[in-house]
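So you can see what is in the structure, the chains are spelled out below.
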Amino acid sequence: DAKTTQPTSMDCAEGRAANLPCNHSTISGNEYVYWYRQIHSQGPQYIIHGLKNNETNEMASLIITEDRKSSTLILPHATLRDTAVYYCIVPSGYGNKLVFGAGTILRVKS
Amino acid sequence: DAGVIQSPRHEVTEMGQEVTLRCKPISGHDYLFWYRQTMMRGLELLIYFNNNVPIDDSGMPEDRFSAKMPNASFSTLKIQPSEPRDSAVYFCASSPLSEAAMNDNEKLFFGSGTQLSVL
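Now for a quick tour of the structure. (Residues numbered from 1 in each chain as written. Chains lettered and ligands numbered in written order. Predicted model: local features only at pLDDT ≥ 70, side-chain atom pairs only at ≥ 80, totals over all residues. Heavy atoms only, no water.)

Remarks on the layout of surface pockets
Step number 1: Considering only enclosed or pocket space, the largest pocket measures out at about 960 Å³ in volume.
Step number 2: Lining the largest pocket are 43 residues; nearest its centre among them are Gln38, Val85 and Tyr87 of chain A together with Gln37 and Met39 of chain B.
Step number 3: Secondary-structure elements contributing two or more residues to the lining of the largest pocket are strand 8 (84-89) and strand 9 (104-109) of chain A together with strand 4 (31-38), strand 5 (42-50), strand 9 (88-95) and strand 11 (114-118) of chain B.
Step number 4: Looking at which element gives the most residues to the lining of the largest pocket, the answer is strand 8 of chain A, with five residues. (1 Å grid on protein atoms, 1.4 Å probe; cavity = no way out; pocket = protein on both sides within 12 Å on 5 of 7 lines; lining within 4 Å. Points joined across faces, edges and corners; volume = space filled by probe spheres on them. Helix = DSSP H or I, 4+ residues; strand = E, 2+ residues; numbered from the N terminus.)

Observations concerning the pairing of strand 8 of chain A
Residues and elements named next belong to chain A.
Step number 1: Within strand 8, six of the six residues are buried, leaving the element largely enclosed by the surrounding structure.
Step number 2: Across the two faces of strand 8 the burial is the same, with Ala84, Tyr86 and Cys88 and Val85, Tyr87 and Ile89 all buried.
Step number 3: In the sheet, strand 3 (residues 33-38) pairs with strand 8 via five bridges, with the strands oriented antiparallel. The residue bridging Tyr34 from the neighbouring strand is Ile89, located in strand 8.
Step number 4: Sheet topology places strand 8 next to strand 9; three bridges connect them, and they run antiparallel. Looking across to strand 9, one finds that Ala84 is bridged to Leu106. (Buried < 20%, exposed > 50% of the residue type's maximum accessible area, 1.4 Å probe, protein only. Pairing = 2+ DSSP bridges.)

Overview of the state of the cysteines
All names here are of chain A.
Step number 1: Tallied over the entire structure, the rule returns two disulfides over all chains.
Step number 2: Shown here is the disulfide that connects Cys22 with Cys88, its sulfur atoms set 2.1 Å apart. Disulfide Cys22-Cys88: the torsion about the S-S bond is -80°, which places it as left-handed. Remark: Cys88 occurs in strand 8 and Cys22 occurs in strand 2 (residues 18-23); sequence separation between them is 66 residues.
Step number 3: Classification of Cys22 by relative accessible area gives buried; the value is 0%.
Step number 4: Under the relative-accessibility criterion, Cys88 is labelled buried at 3%.
Step number 5: Free of any disulfide, Cys12 has its nearest neighbouring cysteine sulfur in Cys22, separated by 18 Å. (Disulfide = S-S within 2.5 Å.)

Description of the pattern of salt bridges
Residues and elements named next belong to chain B.
Step number 1: Taken as a whole, this structure holds eleven salt bridges over all chains when the rule is applied.
Step number 2: Two residues, Glu62 and Arg85, come together in a salt bridge whose shortest N-O distance is 2.8 Å. Within this pair, whereas Glu62 is found in the loop between strand 6 (53-56) and strand 7 (65-71), its partner Arg85 is found in the loop between strand 8 (74-79) and strand 9, the two being separated by 23 residues in sequence.
Step number 3: A relative accessible area of 26% places Glu62 in the partly exposed class.
Step number 4: For Arg85, a relative accessible area of 55% corresponds to the exposed category.
Step number 5: Salt-bridge contacts for Arg64 lead to Asp86; the nearest nitrogen and oxygen are separated by 2.7 Å. Taken together, the residues Arg64 in the loop between strand 6 and strand 7 and Asp86 in the loop between strand 8 and strand 9 connect sequence positions 22 residues apart.
Step number 6: A relative accessible area of 1% places Asp86 in the buried class.
Step number 7: Taken together, the shared-partner salt bridges in this structure form one network comprising Glu62, Arg64, Glu83, Arg85 and Asp86. (Salt bridge = Lys/Arg side-chain N within 4 Å of Asp/Glu carboxyl O.)

Next comes the structure, spelled out in structure tokens:
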């Protein structure tokens, strides 16, 4: 898997947008960027993924730079329940084999 | 669908005992994964199956660990004999990826995990 780099932790005020960055400078042309999160004591949960274009779903938005070397996950209106570890993953090769790094601990504070 | 179901939710055992963790994937999913999570090492992929066949077991730490998938709706992860350093949360996940989808569908659905404590 292409290596990703994320900040160790971030804080966000409740109701504000949370912007979580991820660097993936070694990403190749056909590799997707995936985001998962893990809330305390639960299994990881899929959030969103993208290739080139920006993506949005009911949970978040994903902004991928034009050179695809970095991306930002945006939670538009963070709530206390969004406090979790957020993982940015670039899987490579056939086989659906996701390798999780350390992720970013997001703390949403009231 | 009830999602990926794991049992037991918690397991406490003594060193040297055999431990069996169970997983029922989401119906129709072709891939099944076993992960282990500890504070020190984070989430580690242990093994995964495609259509009940083990594809990659390079993450299995030792011969004490074994995994089986006798049919599409059931998998086990067994540790025999267990050791205190095996204490961790073990997650099972399944995925509907098809060969045609390649990595445009790396959506894994995780169970709630089994918290294993080996004393």
